[in-house]
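# Commentary on secondary and tertiary structure
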Amino acid sequence: MNAKDAPKIEVKVREKLGSRYAARARKEGLIPAVIYGHKKGPVSVVADGKELIGILQKSAHLIDIVVDGKSEHCVVKDMQWDYLGDTVIHVDFERVNLAEKVAMEVDLELVGEPKALSAAGAFLDHPLAQIEVECRADSIPEKIVLDIAELTEEKAITIADVKLPAGVTAKTDAETIVAQIKIAKEEVVEETTEEGAEPEVVGKDAKEENAE
Amino acid sequence: MPLMPKRVKFRKQQRGTMKGNATRGNYVAYGDYGLQVTEGGWLTARQIEAGRIAARQYVSREGKLFVRVFPDKPISKKPLETRMGKGKAEPEYWVACIKPGQVIYEITGVPRDLARSAFTRVAHKMPFRCRFVERRHV
């Protein structure tokens, strides 16, 4: 996404800080956030909930944040969720220079239907949902699309096989598996212990038992 | 015999309290879909195993199932018709302490509908309310 296309959001500075005031803001449909980085002090702000979620759902990494009429380019550094994972309760923004390199987690989208999946018991195992990449702040890709149509049972796709846009390098280990076809095996039933069996005791209790 | 630790430091534990909500293990991390608990309590090793078998049988040999909880707390119980006192009873079974929000099972490699109906069956075996969740995309 270019800096020009970066979505713009206006935020207000939070004057009263603390969990109570943050909770009140959330009730009003606002999301507390903080902006930091570039050797400037942190600024606690609130953003309109619907607007911010709408921006985040479009996988926007670079956001143009307007604080008190001044515009700053920021990236989403961290997000906090409620305990059920339904609502965003806090967002961390980091100030960036458009020319500087930043490390970001970018969504990975798998496209295509591998033929090998038609085999009995075959399933697609894709442990990574995101890839950590390094690139200029103004050219962070929204997502990385990976075609897995040619994926076979013999060869897994690793980070090294993923074609990244120009200027983008992967920070995740090159040998990390992104997608592979696995065949579900018969489950090996673990050694069953007898009813009423007890685990081995190590530590204080064990010493006491030995002493007796 | 269902799950239990191989080694422990102490044979018996106090009952403890469970305050608050899950702050870890409360999102789908390994699979595509998960079963999330919305209430807290103890989940016994037998219940974990029953849920695992129910899910595995429903999806037959497809996909991969992850069990995100482990029963590491021993629960002791006095035998029937025993007078009170005479010390703490022997451990009877093992439980996992579950806080609201905990994802207890995850599955990958199966279609959404199949995962949903498999976890509905599992949810019936659980001692608390559960809900079907998917991997988070903001």
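Residues numbered from 1 in each chain as written. Chains lettered and ligands numbered in written order. Predicted model: local features only at pLDDT ≥ 70, side-chain atom pairs only at ≥ 80, totals over all residues. Heavy atoms only, no water.

A word on the overall build of chain A. The number of helices and strands found in chain A is three helices and 14 strands. Per-residue burial over chain A gives 40% buried out of 212 residues. In the form shown here, chain A has an accessible surface area of approximately 12,900 Å², with 48% of it arising from carbon and sulfur atoms. (Helix = DSSP H or I, 4+ residues; strand = E, 2+ residues; numbered from the N terminus. Buried < 20%, exposed > 50% of the residue type's maximum accessible area, 1.4 Å probe, protein only. Areas by Shrake-Rupley, 256 points an atom, 1.4 Å probe, with all protein chains shown as cover.)

Our next topic: the confidence of the model for chain A. Of the residues in chain A, 89% reach a pLDDT of 70 or more, and the chain-wide mean stands at 86. Per-residue pLDDT, averaged within each element of chain A, yields its smallest value for helix 3 (residues 204-211) of chain A (66) and its largest for strand 2 (residues 30-37) of chain A (95). (pLDDT = per-residue confidence, 0-100.)

This part takes up the packing of helix 1 (residues 45-58) of chain B against helix 2 (residues 112-125) of chain B. Residues and elements named next belong to chain B. Remark: helix 1 packs on helix 2, axes separated minimally by 9 Å, with the N-to-C direction vectors making an angle of 150°. The angle between helix 1 and helix 2 falls in the class roughly antiparallel. The two elements helix 1 and helix 2 meet at a crossing, and its hand is right-handed. Each of Gln-47, Ala-50, Gly-51, Ala-54, Ala-55 and Tyr-58 in helix 1 lies in contact with helix 2, whose residues at this interface are Leu-114, Ser-117, Ala-118, Arg-121, Val-122 and Lys-125. (Axes fitted to C-alpha atoms, helices over the stretch in contact; angles between N-to-C directions. Parallel < 35°, antiparallel > 145°, perpendicular 65-115°, else oblique. Left-handed = near helix turned anticlockwise from the far one by under 90°. Contact = heavy atoms within 4.5 Å.)

Further remarks concern helix 2 of chain B. All names here are of chain B. If you check helix 2, its first and last C-alpha atoms are 20 Å apart, about what 14 residues at 1.5 Å a residue would give, namely 20 Å. Listed as buried for helix 2 are Ala-115, Ala-118, Phe-119 and Val-122. For helix 2, the angular spread of buried residues about the axis comes to 95°, placing them on one side. Counted as exposed and oriented over 90 degrees from the buried face of helix 2: Asp-113 and His-124. Of the surrounding elements, those touching the buried residues of helix 2 are strand 2 (33-37), helix 1, strand 4 (64-67), strand 7 (103-108) and strand 8 (130-134). (Expected span 1.5 Å × (residues − 1). Arc of directions from axis to C-beta.)

Residue and element names in this part refer to chain B. Unlike most non-glycine residues, Glu-81 shows phi in positive territory, near 55°. Here Glu-81 is to be found in the loop between strand 5 (73-76) and strand 6 (91-98). Even without a glycine there, the phi angle at Lys-86 is positive, about 65°. Within the secondary structure, Lys-86 sits in the loop between strand 5 and strand 6. For Lys-86, a relative accessible area of 86% translates into the label exposed.

Across the boundary between the two partners, chain A contributes 39 residues, which contact 35 residues of chain B. Carbon and sulfur atoms make up 51% of the surface buried where chain A meets chain B, a total of about 3,000 Å² over both sides. Linking chain A with chain B are two salt bridges. Joining chain A to chain B, the criterion identifies nine residue pairs in polar contact (both at pLDDT 80 or more). For the side of chain A that touches chain B, the secondary-structure elements that each account for two or more residues are helix 2 (49-57), strand 5 (70-81), strand 8 (122-125), strand 13 (177-183), strand 14 (200-201) and helix 3 of chain A. Taken together, the two bridges between strand 14 of chain A and strand 1 (residues 7-8) of chain B define a ladder with parallel strand orientation. Residue pairing for strand 1 of chain B: Val201(A) is matched across the bridge by Val8(B). (Buried area = accessible area lost by both parts, 1.4 Å probe. Salt bridge = Lys/Arg side-chain N within 4 Å of Asp/Glu carboxyl O. Polar contact = N/O pair within 3.5 Å; in protein donor to acceptor, adjacent residues only side chain to side chain. Pairing = 2+ DSSP bridges.)

What follows covers the domain arrangement of chain A. The parts lose accessible area when they come together, and the size of an interface is often stated as this lost area. Residue and element names in this part refer to chain A. Along its sequence, chain A is organised into domain 1 (3-96) and domain 2 (104-183). The distance between the C-alpha centroids of domain 1 and domain 2 comes to 30 Å. Contacts between the two partners involve eight residues from domain 1 and, on the opposite side, nine residues from domain 2. Across the domain 1/domain 2 interface, buried area totals approximately 600 Å², and carbon plus sulfur atoms make up 65% of it. The largest share of the area that domain 1 buries against domain 2 comes from Ser-59, His-61 and Leu-62, three residues that together contribute 63% of it. Put simply, domain 1 and domain 2 have zero salt bridges between them. Viewed at the interface, domain 2 and domain 1 are joined by zero residue pairs in polar contact (both at pLDDT 80 or more). Of the residues in the side of domain 1 that touches domain 2, the class split is five nonpolar, two polar and one charged. (Domains from an automatic or database assignment. Nonpolar A, V, L, I, M, F, W, Y, C, P; charged D, E, K, R; others polar.)

A few words now on the nonpolar core. In this structure, Ile140(A), Leu146(A), Ile148(A), Leu151(A) and Val178(A) are the most contacted members of the largest nonpolar core, which totals 27 residues. Tallying contributions element by element places strand 7 (residues 101-111) of chain A first for this core, with four residues. Among the domains, domain 1 (3-96) and domain 2 (104-183) of chain A are the pair contributing at least three residues each to this core. Within the second largest apolar cluster, 23 residues are counted, among which are Leu35(B), Ala96(B), Ile98(B) and Ile107(B). (Core = buried A, V, L, I, M, F, W, Y, C linked by side-chain atoms within 4.5 Å.)

Let us look at the environment of Phe128(B). All names here are of chain B. Mapped onto the secondary structure, Phe-128 falls in the loop between helix 2 and strand 8. Phe-128 sits 88 residues away from Gly-40 along the chain, and the two C-alpha atoms are 7.3 Å apart. In this structure, Phe-128 is in contact with Val-37, Glu-39, Gly-40, Gly-41, Trp-42, Leu-43, Ile-98 and Ala-123, ignoring residues within four places of it in sequence.

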